[in-house]
There are 2 protein chains.
Amino acid sequence: MSTSLPKAVILLSGGLDSSTTLAVAKSQGFGIYALTFRYGQRHDQEIEAAVRIARYFEVVQHRIFEVDLSSFGGSALTDQMEIPKGRELEQMASHIPVTYVPARNTIFLSLALAWAEVLEARDIFIGVNALDYSGYPDCRPDFIAAFKTMANLGTKAGREGKGFKIHTPLIELNKAQIIKKGMSLGLDYSLTSTCYDPSPRGEACGQCDACQLRRKGFAEAGLEDPVKYQV
Amino acid sequence: MSTSLPKAVILLSGGLDSSTTLAVAKSQGFGIYALTFRYGQRHDQEIEAAVRIARYFEVVQHRIFEVDLSSFGGSALTDQMEIPKGRELEQMASHIPVTYVPARNTIFLSLALAWAEVLEARDIFIGVNALDYSGYPDCRPDFIAAFKTMANLGTKAGREGKGFKIHTPLIELNKAQIIKKGMSLGLDYSLTSTCYDPSPRGEACGQCDACQLRRKGFAEAGLEDPVKYQV
């Protein structure tokens, strides 16, 4: 990997969206600095998927950063609360679910911003998506725009006119379009992990919001999902 | 401490400004949830001071949260870079120094926001100060306003109209005014730790930006600083 490429920090959870986002950033000619968080999620399978994706795309650096959001509580993704299964898809966009982790993308983007400033990178990529999504407030375009404004006021680089750009290449795509884009960029979706509640052997539950949105996406794209489902 | 008081999250470093801010929040009738970060600072004396202050003001809860910003590098406060000594005071406000920690207040406020949302608190206090300060971009009023806008778009509580307020009670005070305010609220400044580079025995260096601003403040307030200085 040439070090002369412009650098970009990519938030990489190991899921479908963030892995596709990484593929997009790579295709745009960036040297990839992937950032994954161990934030107290209920299982480590996402992080293992992030490691596989980072290797697959030969990133310049992959950092796994510890920030224990589970100590604050308040989310089914970090607490022992039950993960909702079988929600209607129409419900998802209109109702913020118990899997919401308070201020998660704000925290993740803030840490990406710190790393980007140190790297002298100006580009941060996040795989948020405002169409086929779970209703999270911190996935919406107005939040991303407000984060960027704040970031450029709150950093040395931003104040000196070397503004940060927050790239959201998936924001207006539906799941099927995201999957087709990733496929066209050579992404192997068997490496990704989407499920909120996988079995210990790594099989996806098939019924949480994340699984449902993923399956619908593959079905609409007319493609086979390489991931194994329990149901 | 009654649990019926409205809750506020206070960023508490253990320094003069954040300790005064905590005293102000307490005097306004809030139940205090103090948040201190172990972020890879060069010494633990700040954290020990934060523990003393939290006890002194009988906070409801004091949380020390680990977030290792030193792993990103880029600051004299977390790296082995030399701390500047004897800078002219006029230089400080016009020039962002090497003690700047990339995106620090953005990260700290984001974590405070997460905790506040879980606590169902609407009030966050931060002791930033735009007069006698070290030139940091993330201490300025426009940054704080932009953070608040972003926070209310990026959280469930904010989207539901239960907006967060970011209180900056010191933002327009000079150091002498801050000290007088703290004294009037019963703050014992011998408990605080301000120096960027104290001796192993805890004596302040007297020459870093933080020490200089503090000493000038006590001098202008006509008060004696209870902290011991090496020089």
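A short tour of the structure in this document, coming up. (Residues numbered from 1 in each chain as written. Chains lettered and ligands numbered in written order. Predicted model: local features only at pLDDT ≥ 70, side-chain atom pairs only at ≥ 80, totals over all residues.)

### So, the relation of the copies chain B and chain A
The second copy of the chain is related to the first by a rotation about an axis and a shift along the axis.
Thinking step 1. Mapping chain B onto chain A calls for a rotation angle of 180° and an axial translation of 0.0 Å; the resulting RMSD is 0.0 Å. This pairing of chains is accounted for by a two-fold axis.
Thinking step 2. Both copies share a contact surface, since 100% of the interface residues of chain B are interface residues in chain A too. (Least-squares fit on C-alpha atoms with pLDDT ≥ 70 in both. Contact = placed C-beta atoms within 7 Å.)

### Some remarks on the interface of chain B and chain A
Thinking step 1. If you look at the interface, chain B gives 33 residues, while chain A gives 33 residues.
Thinking step 2. Breaking the side of chain B that touches chain A down by element, the ones donating at least two residues are α4 (104–119), α5 (141–153) and α6 (156–159) of chain B.
Thinking step 3. With 10 residues, the top contributor of residues to the side of chain B that touches chain A is α4(B).
Thinking step 4. Split into classes, the residues belonging to the side of chain B that touches chain A amount to 20 nonpolar, 8 polar and 5 charged. (Helix = DSSP H or I, 4+ residues; strand = E, 2+ residues; numbered from the N terminus. Nonpolar A, V, L, I, M, F, W, Y, C, P; charged D, E, K, R; others polar.)

### Focus on the environment of Ser190(B)
All names here are of chain B.
Thinking step 1. Tracing the backbone shows Ser190 in the loop between α7 (175–184) and α8 (209–221).
Thinking step 2. Linking Ser190 and Val227, residues 37 residues apart in sequence, is a C-alpha distance of 5.5 Å.
Thinking step 3. Ser190 has contacts with Pro226 and Val227, leaving out every residue within four places of it along the chain.

### Quick look at the sheet that holds strand β3 (residues 61–66) of chain B
Working definition: the strands of a sheet are paired by backbone hydrogen bonds and lie parallel or antiparallel to each other.
All names here are of chain B.
Thinking step 1. On the basis of which strands lie adjacent, the open sheet formed by 5 strands has the order β3-β2-β1-β4-β5 and parallel pairing. Edge positions in the sheet fall to β3 and β5 (165–167), since each of these pairs with one other strand and no more. Across the sheet, the mean angle separating the axes of adjacent strands is 25° when strand polarity is ignored.
Thinking step 2. Pairing between strand β4 (residues 123–125) and β5: 3 bridges, direction parallel. Across the sheet, Phe125 pairs through a bridge with His167, a residue of β5. (Pairing = 2+ DSSP bridges. Axes fitted to C-alpha atoms, helices over the stretch in contact; angles between N-to-C directions.)

### Notes on the environment of Cys139(B)
Thinking step 1. Residue position: Cys139(B) is located in the loop between β4 and α5.
Thinking step 2. Separated by 79 residues in sequence, Cys139(B) and Phe218(B) have C-alpha atoms that sit 21 Å apart.

### A short note on unusual backbone geometry
Peptide bonds are trans in most cases, and residues, glycine excluded, mostly fall at negative phi.
Thinking step 1. The backbone phi angle of Ala103(A) is positive, close to 60°, even though this residue is not glycine.
Thinking step 2. Structurally, Ala103(A) can be placed in the loop between α3 (89–94) and α4 (104–119).

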